[in-house]
Amino acid sequence: MKRVVVGLSGGVDSSVAAYLLKEQGYEVIGLFMKNWHDDSVTISNECPWLEDSNDALLVAEKLGIPFQTVDLSEQYKEKIVDYMFNEYEKGRTPNPDVLCNREIKFDVFMKIAMSLGADYVATGHYCRKGTIEKDGKEIYQLLAGKDGNKDQSYFLCQLSQEQLSKALFPIGELTKPEVREIASKLDLITAEKKDSQGLCFIGKVRLPEFLQQKLQPKEGVIIEIPAESEIYHQERPQFNSEEEAFAYESRRIYYLKVPGKVVGKHQGAHYFTKGQRKGLNVGGTKEPLFIIETDVEKNIVYTGQGNQHPGLFKKALFIANDEVHWIREDLALNEGEKMEVMARIRYRQPLQKATLHQFKDGMYVVFENPQSAITEGQFVAWHLNDEILGSGVIA
């Protein structure tokens, strides 16, 4: 009998995942990960992790499976929280959820599970795992979940073959309503529970307030750059190679010398991210202001009016070699090779037509249509049909 450790988060998805595994004849152990307990930074006086671990315990009792809590807050702080602050300080926007899966759930947590004699680790993610044989060895595929609205394969885009080999995703074939229905039939306490939002596991933390506790506020100006600015209407230079052309397409525009007007003040450029429109507190413009760039060195936030402002759009992005990650190592590109894929630059974005081009120093992802708010530090993931082949950190 194979043993599976399921990460019970206190939500409905992992509860049903545990039930399905038990039905399939596995020996199931429920483990709750406590990843955060610096009470000075949660926003509300609700204590989400206590409530969640309680719900997880009640679900485990109801299903008749052993239950344990593991405290991973040390590792979480070191691998996720500290990393986030460093990234924000550099003016990048990290994705804690993707990292949490790579560094915590499918690494630290997986090692704990293996030490308990587990054959597999299961989670309540809406995605599926496939297995194919190639040249006599098994290769694992990460496939989109059946529920188009809830496909969470993006959050797992940094997993390796090794991690996938030991992973199970029991609810990947179901839709959210079907999962809730199973939970109701079983009368699980989590059946009607709302989906958790926010930093995977930190609970109800609002980002700017969370960041302010570590990154000192400092006042700076908000500048509006007009859409008709000359910077957007320069003649395109001649290039000697594709690589030069892509570098031009993916370049960052420096607005320091570009005429614009001061429209307000902010408390620190590192609290803001590209494409953001809330939190600027500047009124009186015909269309809402969107952030088109932040300069953390000079502490300036650059904005433009409307979601079609040319400062938001780029056709290409770059990934440095050490940030290029192939789930399907067998399909990795060699220098000079290219591949047509479908890609997304954020969770739930509809997939976009793109071409990967591998060069000596890294890879360019070149989109058929310009993309809005390509953000440094976020992940781009690329697919063929319903399979995620790999991902990388936007440089």
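Just so we're clear, the structure is a prediction, and the values are computed from it rather than from any experiment.

## Some remarks on the sheet that holds strand β9 (residues 261-266)
Spatially, the four strands line up as an open sheet ordered β9-β8-β11-β10, and their pairing is mixed. Only two strands of the sheet have a single partner each, and these edge strands are β9 and β10 (289-295). This sheet shows a mean twist of 30° between the axes of neighbouring strands, independent of strand direction. Pairing geometry for β10 and strand β11 (residues 300-305), over six bridges, is antiparallel. Paired with Asp295 across the two strands is Ile300, which belongs to β11.

## Description of the confidence of the model for the protein
Averaged over every residue, the pLDDT of the protein is 92; residues scoring 70 or more account for 93%. Low confidence marks residues 200-204, where pLDDT is under 50. Its contacts with residues over four positions away, or in another chain, come to 21 contacts.

## Examining the pairing of strand β15 (residues 352-358)
Among the seven residues in β15, six count as buried, and that is most of the element. Sheet topology note: the β15/strand β16 (residues 362-372) ladder contains five bridges and is antiparallel. When the sheet's bridge partners are listed, Gln358 is paired in β16 with Met363. In this antiparallel pair of consecutive strands, β15 and β16, the connection spans three residues.

## Some details on the UniProt feature "active site" (unreviewed entry) in the protein
The positions that UniProt labels "active site" (unreviewed entry) are, in the present scheme, Cys100 and Cys200. Locating Cys100 in the fold gives a position in helix α4 (residues 96-115). Here Cys100 falls in the buried class, since its relative accessible area comes to 0%.

## Some points on helix α8 (residues 242-249)
Regarding α8, the residues found buried are Ala245, Phe246 and Tyr248. In a view along the axis of α8, the buried residues occupy a sector of 155°, so they form one face of it. Taken together, the buried residues of α8 touch β12 (313-320), β15 and β16.

## Some words on the pattern of salt bridges
Under the defined criterion, the tally for this structure stands at 24 salt bridges. With a closest N to O distance of 2.9 Å, Lys77 and Asp82 form a salt bridge. Note that Arg102 is salt-bridged to Glu103, the shortest N-O span being 3.0 Å. Its relative accessible area of 25% is what places Arg102 among the partly exposed residues. Beyond isolated ion pairs, a larger network of salt bridges with shared partners links Lys79, Arg102, Glu103, Asp107 and Lys111.

## A closer look at the sheet that holds strand β7 (residues 167-168)
With parallel pairing, five strands are arranged side by side in an open sheet as β3-β2-β1-β4-β7. Each edge of the open sheet carries a strand with a single partner, namely β3 (67-71) and β7. Of the pairings in the sheet, the one linking strand β1 (residues 3-7) to strand β2 (residues 27-34) comprises five bridges and is parallel in character. Across the sheet, residue Val4 finds its bridge partner in β2, namely Val28. With respect to the sheet, helix α1 (residues 12-23) is in contact with β1, β2, β4 (120-122) and β7, its orientation differing from that of β1 by roughly 170°.

## A look at the UniProt feature "binding site: ATP" (unreviewed entry) in the protein
The feature "binding site: ATP" (unreviewed entry), as annotated in UniProt, sits at Gly7, Leu8, Ser9, Gly10, Gly11, Val12, Asp13, Ser14, Met33 and Gly124 in this numbering. On the secondary structure map, Asp13 appears in helix α1. Other than its neighbours up to four places away in sequence, Asp13 contacts Gly124, Tyr126, Ile171, Lys176 and Val179. The exposure class assigned to Ser14 is buried, which follows from its relative accessible area of 4%. Each residue touching Ser14, except ones within four places of it in the same chain, is listed here: Val6, Gly7, Leu8, Ser9 and Gly124.

## Quick notes on the packing of helix α3 (residues 73-89) against α4
Two elements in contact, α3 and α4, have axes whose closest approach is 10 Å; the angle formed by their N-to-C orientations is 160°. Judged on the interaxial angle alone, α4 and α3 are roughly antiparallel. In the packing of α3 onto α4, the handedness of the crossing is right-handed. Of α4, the residues touching α3 (which contributes Gln75, Tyr76, Lys79, Ile80, Tyr83 and Met84) are Pro96, Leu99, Cys100, Glu103, Ile104, Asp107 and Val108. Taken together, the residues that form the contact of α3 with α4 break down as nine nonpolar, one polar and three charged.

## Quick word on the domain arrangement of the protein
On domain assignment, one finds that the protein holds domain 1 (3-212), domain 2 (216-312) and domain 3 (313-394). The straight-line distance from the C-alpha centre of domain 2 to that of domain 3 is 23 Å. On the domain 3 side, the residues contacting the 18 residues of domain 2 number 16 residues. When domain 2 packs against domain 3, the two sides together hide about 1400 Å² of surface, and 54% of this comes from carbon and sulfur. Ranking the residues of domain 2 by area buried against domain 3 places Phe246, Lys274 and Leu312 at the top, with a combined share of 39%. Put simply, domain 2 and domain 3 have one salt bridge between them. Among the ionic pairs, Arg252 bridges to Glu376, the shortest N-O distance being 3.3 Å. On inspection of domain 2 and its partner domain 3, the count reaches four residue pairs in polar contact (both at pLDDT 80 or more).

Cut-offs used in this document
- Residues numbered from 1 in each chain as written.
- Predicted model: local features only at pLDDT ≥ 70, side-chain atom pairs only at ≥ 80, totals over all residues.
- Heavy atoms only, no water.
- Pairing = 2+ DSSP bridges.
- Helix = DSSP H or I, 4+ residues; strand = E, 2+ residues; numbered from the N terminus.
- Axes fitted to C-alpha atoms, helices over the stretch in contact; angles between N-to-C directions.
- pLDDT = per-residue confidence, 0-100.
- Contact = heavy atoms within 4.5 Å.
- Buried < 20%, exposed > 50% of the residue type's maximum accessible area, 1.4 Å probe, protein only.
- UniProt positions renumbered as here; feature names shortened; annotations may be inferred.
- Arc of directions from axis to C-beta.
- Salt bridge = Lys/Arg side-chain N within 4 Å of Asp/Glu carboxyl O.
- Parallel < 35°, antiparallel > 145°, perpendicular 65-115°, else oblique.
- Left-handed = near helix turned anticlockwise from the far one by under 90°.
- Nonpolar A, V, L, I, M, F, W, Y, C, P; charged D, E, K, R; others polar.
- Domains from an automatic or database assignment.
- Buried area = accessible area lost by both parts, 1.4 Å probe.
- Polar contact = N/O pair within 3.5 Å; in protein donor to acceptor, adjacent residues only side chain to side chain.

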